Each structure stands twice: as C-alpha cells, then as structure tokens.
Amino acid sequence: MTQKTDDLIAFVRSLYGDEFIPLHRPVFNGRERDYLVRAVDSNFVSSVGVEVNRFEDMVADYTGAKYAISCVNGTAALHVSLILAGVEQGDEVLSQPLTFIATCNAISYTKAKPVFIDVDRDTMGMSPSSLQAWLTANTHQKDGHCVNKNTGAVVRACVPMHTFGLPLRIKEIADICKAHNIVLIEDAAESLGSWVGDTHTGNFGALATLSFNGNKVITTGGGGMILTNDEALAKRAKHMTTTSKIPHPYEFVHDEVGFNYRMPALNAALGCAQMEMLPQMQAIKATIAKQYQDYCAKNDWNYVHPLPGTKANYWLNALCLDDLATREAFLKQTNTAGVMTRPVWRLMNELEMFKDCEHDGVANAKWLEARIVNIPSSVPDAQIESLTL
Ligand SMILES: *Cc1c(COP(=O)(O)O)cnc(C)c1O
C-alpha cells in the first residue's frame, strides 16, 4: 500500500464519485431509445433495415473514409478484411505482440500465421524501425510479393493496431508496407475519434476495421465496421458480409462461400444515436484526459501521452509504472478500493496458440507488458446530463 496510490485513488474519485468505478462504460443519453423503437416498429430489425445504411453513412462521414461496411463485430470485420487483402492458408501476416486477442484470432481464421513485430514504447503500437529491420533481415521480393526467406511463405498483409486510441506511427508503417508490396489493414477498433494530423485513423491502408463492442468508444451492443477508400474492395466487402448473394428480385443465387456478418438494424439504430453523441463525448473524454495529465505531471506518475501531431480519442488512459512489482501492487490496491484498473494484455506470442509464431524479440512489448495499466476513462456520471442534442 502506498500513499501515492491512495492519493491517485482519491483523485479518480474526485472525477467519478464514491461508487465502484468501472474502467469504461457506455453512455446512452441520446436518441438510442427512439431509434430502437423506430426500428422495431418498422419490422426491419435485421440486416435490411434502413438504420444499417444510415449508420454506415454516419461513420464514413465522421472518419472521412469513402466507404464504411458494417459487420456483426470487429473480429468479423478483421476476418473479411484479411480475405479481401488476399490472405490465404500458409501466408504470413505481420501484427503486434501487444494487442487484443481478436486481431490474432482473425488472422488464424484465414489459416495464415501471425508474425509479431515489436511496438514502440511511446505509442504502444507497431514500430516502423522494427518492421523495417525484420523485413530487411528476413524477406525478399519475388514475383511482386514479399516472401519470407526462411519459411518461403508470402508475407501478405500487415495489421498494426492503435493501442487504447493512441495513434501509432502509421504513415511510416504505410510507406514501408507499400515499398514491400504488403497490404496494410489498420486495426482501428480502439481508435474511433483518433487522428493523425487531419486524417482519421483507418485511412492509411487499403482497409481498416472498427469495433462497437460495449466497452469501446461508442457501442452498438456488438458490432464492427470495415473502412476503405477503394470502391472495388467496398463492393466485395458488402457482398461477402451478406452471404455473397447476387441481387435478384426473388431468386436466391450466391456466387461464393460468403458470410452472414452484416450488422442487424437494431444494433445500427443504437449506433446512429451513439454517433450523434460522439463529438460531445470526445470533448468530455479529452477534458478528463487533461485532468489526468495535469495530475500525473504534478504527482510523479508517468502518463502515456499521444505523439505530437496526433489526436487521441482517450478511449483508455494509461500509466506506465516502474516495474512489474509496482504494477502488481498498484492493481491490487486500486481494485480493492473499488477503482477498476487493468494491466495491458498478455503478449500474443506468449499465448499457447501463438507461442511457436515467429517474432523479432519483442523487447519493447515485454517492457510495456510489465508496466502499463489502464485507469478509469468513462464519461463521468456527473457530466452525462450535460450531453445534449
Ligand atoms: C475490440 C477489439 C477488436 C474487435 O473486437 P469485437 O469484440 O469483435 O468487436 C479487435 N481488435 C482490437 C485491438 C480490439 O480492441
């Protein structure tokens, strides 16, 4: 038990109140109920409801992506994106050791193998210098493809992830992927509302994916989205997520094995209402982040800031502690006090199913794994009433 942590707990309580404080919880203070009732009354509660198209248009407008294709969840969005990138059995897909399991599950669904490239300590996202180093040491170009010299497999795609909504060095990653003929898919599940300069995350590669799970920046209950600026990919994405059915007035004709991955209208109805509130929720979350930053600067806590020139959505605020022992003590003390905190994920390359996958030593990811914790980051109850339409 340390006084310093007790003081931080008191500070978190000054933001969030005396009850149990979750890490992140959804806010439904907009037109959620109205839109849900409207969807129910329309009878079109499944994937042909008008809400689905409307939600897609809202997300496309907000992110600046030309096309947005809704999915049942973020994992499904990743799965389809990997297939659209041409990933096949036996291919290799570059990703990061520090991510949520969904990224690697989706890669596994395609029967490709993940290869884990280290992250930068400051962004907690894929490191351009580690990516370049691994590609230079292990790959060569053959027939317009990037081939792993050791395994003979094609390195087909690269899936970096904007950790906790902090934008990674995505422009550099995009340049490297382009130079090596690797398709870039941004896992932007955590970064709706995060920007690099004037460009929203998810616009730097061929494809990107979002998640609207209950713990994310906005939620549809469960849901995901594929973003792309390529019309052909967008059409393929819509086709594949809707059982690959050929449009016809009454006949059922399907031209390939497709997926029933399209978002139901009930979920999209929730999403439309959430999108209307997103800018205001973002403003409040930025204020909370600023308060944490000021407190941390004054009280010797190492807050993890977004890179200069980027704007984070502050989905989850993160602290970098001194070492593993400090982290364990911190987690225990805060959670015992009813202030929910969590460690960063276990490294993917240490999990049973991925322990034989190739990696580059992942030194920074290991360093971060021992030190990073998330602290409560929701829109506080007291400020929910200030949200208006
Ligand atoms: C949430 C998340 C996903 C997708 O999750 P779903 O629960 O399937 O919507 C994918 N990648 C990352 C990094 C995530 O945090």
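Residues numbered from 1 in each chain as written. Predicted model: local features only at pLDDT ≥ 70, side-chain atom pairs only at ≥ 80, totals over all residues. Heavy atoms only, no water.

> Would you take a moment to explain the site of the ligand for this structure?
Close contacts around the ligand come from 16 residues, with Gly 74, Thr 75, Glu 190, Ser 211 and Lys 216 the closest. One of the side-chain nitrogen or oxygen atoms of Glu 190 is found 2.5 Å away from an oxygen atom of the ligand. Lys 216 places a polar side-chain atom, nitrogen or oxygen, 3.2 Å from an oxygen atom of the ligand. Here the ligand has 380 Å² of accessible area as a free molecule, and 92% of this is covered by the chains. The set of elements that each furnish at least two residues to the shell around the ligand consists of helix H4 (74-84) and helix H5 (101-109). Considering each element in turn, the shell around the ligand owes the most residues, three residues, to H4. Each residue belonging to the shell around the ligand can be placed in one class, and the counts come to five nonpolar, eight polar and three charged. (Near = heavy atom within 4 Å. Polar contact = N/O pair within 3.5 Å; in protein donor to acceptor, adjacent residues only side chain to side chain. Areas by Shrake-Rupley, 256 points an atom, 1.4 Å probe, with all protein chains shown as cover. Helix = DSSP H or I, 4+ residues; strand = E, 2+ residues; numbered from the N terminus. Nonpolar A, V, L, I, M, F, W, Y, C, P; charged D, E, K, R; others polar.)

> Sorry, what's going on with the packing of helix H2 (residues 32-42) against helix H9 (residues 265-298) here?
Geometrically, a packed helix pair is captured by the angle between its two axes and the distance between the axes. At a minimum axis distance of 8 Å, the contact between H2 and H9 shows a crossing angle of 150 degrees. Overall, the two elements H2 and H9 adopt an arrangement that is roughly antiparallel. By crossing handedness, the relation of H2 to H9 is classed as right-handed. Contacts between H2 and H9 pair Glu 32, Tyr 35, Leu 36, Ala 39 and Val 40 from the former with Leu 266, Ala 269, Leu 270, Cys 272, Ala 273, Gln 274 and Glu 276 from the latter. Residue classes in the contact of H2 with H9 are distributed as nine nonpolar, one polar and two charged. (Axes fitted to C-alpha atoms, helices over the stretch in contact; angles between N-to-C directions. Parallel < 35°, antiparallel > 145°, perpendicular 65-115°, else oblique. Left-handed = near helix turned anticlockwise from the far one by under 90°. Contact = heavy atoms within 4.5 Å.)

> Please explain H9 as it appears in this structure.
Since there are 3.6 residues in each turn of an α-helix, residues three or four apart along the chain are aligned in direction. Between its terminal C-alpha atoms H9 stretches 47 Å, which fits the 50 Å expected from 34 residues at 1.5 Å a residue. Largest kink in H9: about 45 degrees, centred on Leu 278, with the proline Pro 279 one to four residues after it. Two residues or fewer past H9, Asp 300 is found with a positive phi of approximately 65 degrees. (Expected span 1.5 Å × (residues − 1). Bend = angle between axes of the 7 residues up to and from the residue.)

> What is the right way to look at the pattern of salt bridges in this model?
The final tally for this structure, using the stated rule, is 13 salt bridges. Taking the shortest distance from any N to any O, the salt bridge between Arg 236 and Glu 256 comes out at 2.9 Å. Here the residue Arg 236 occupies a position in helix H8 (residues 231-241), and Glu 256 occupies one in the loop between H8 and H9, the gap between them amounting to 20 residues. The class of Arg 236 is partly exposed, set by a relative accessible area of 34%. Residues joined by salt bridges that share partners form a network here, namely Arg 31, Arg 54 and Glu 276. (Salt bridge = Lys/Arg side-chain N within 4 Å of Asp/Glu carboxyl O. Buried < 20%, exposed > 50% of the residue type's maximum accessible area, 1.4 Å probe, protein only.)

> I tried to follow H5 on my own but got confused; where do I start?
Of all the residues in H5, the buried ones are Ala 102, Thr 103, Cys 104, Ala 106 and Ile 107. In this fold, the buried residues of H5 make contact with H4, strand E2 (92-95), strand E3 (113-116), strand E6 (155-159) and strand E7 (183-187). Lys 111 lies just past H5 and shows a positive phi near 65 degrees.

> Is there a simple way to think about the packing of aromatic side chains in this case?
Any pair of aromatic rings gets described here by the distance separating the centres and the angle formed by the planes. Under the definition given, this model contains eight aromatic pairs. Relative to Tyr 292, the ring of Phe 11 lies with its centre 6.1 Å away and its plane at 65 degrees, an arrangement referred to as edge-to-face. Of this pair, Phe 11 sits in helix H1 (residues 3-16) while Tyr 292 sits in helix H9; the two residues are 281 residues apart in sequence, bridging distant segments of the chain. Judged on exposure class, the residue Phe 11 and its partner Tyr 292 are both buried. Taking the centre distance of 6.3 Å and the plane angle of 75 degrees together, the rings of Phe 116 and Phe 354 count as edge-to-face. Taken as a pair, Phe 116 in strand E3 and Phe 354 in the loop between strand E14 (342-343) and helix H11 (363-369) lie far apart in primary sequence, 238 residues in all. When sorted by exposure, Phe 116 lands in the same class as Phe 354, which is buried. (Phe/Tyr/Trp six-rings, centres within 6.5 Å; stacked < 30°, edge-to-face > 60°.)

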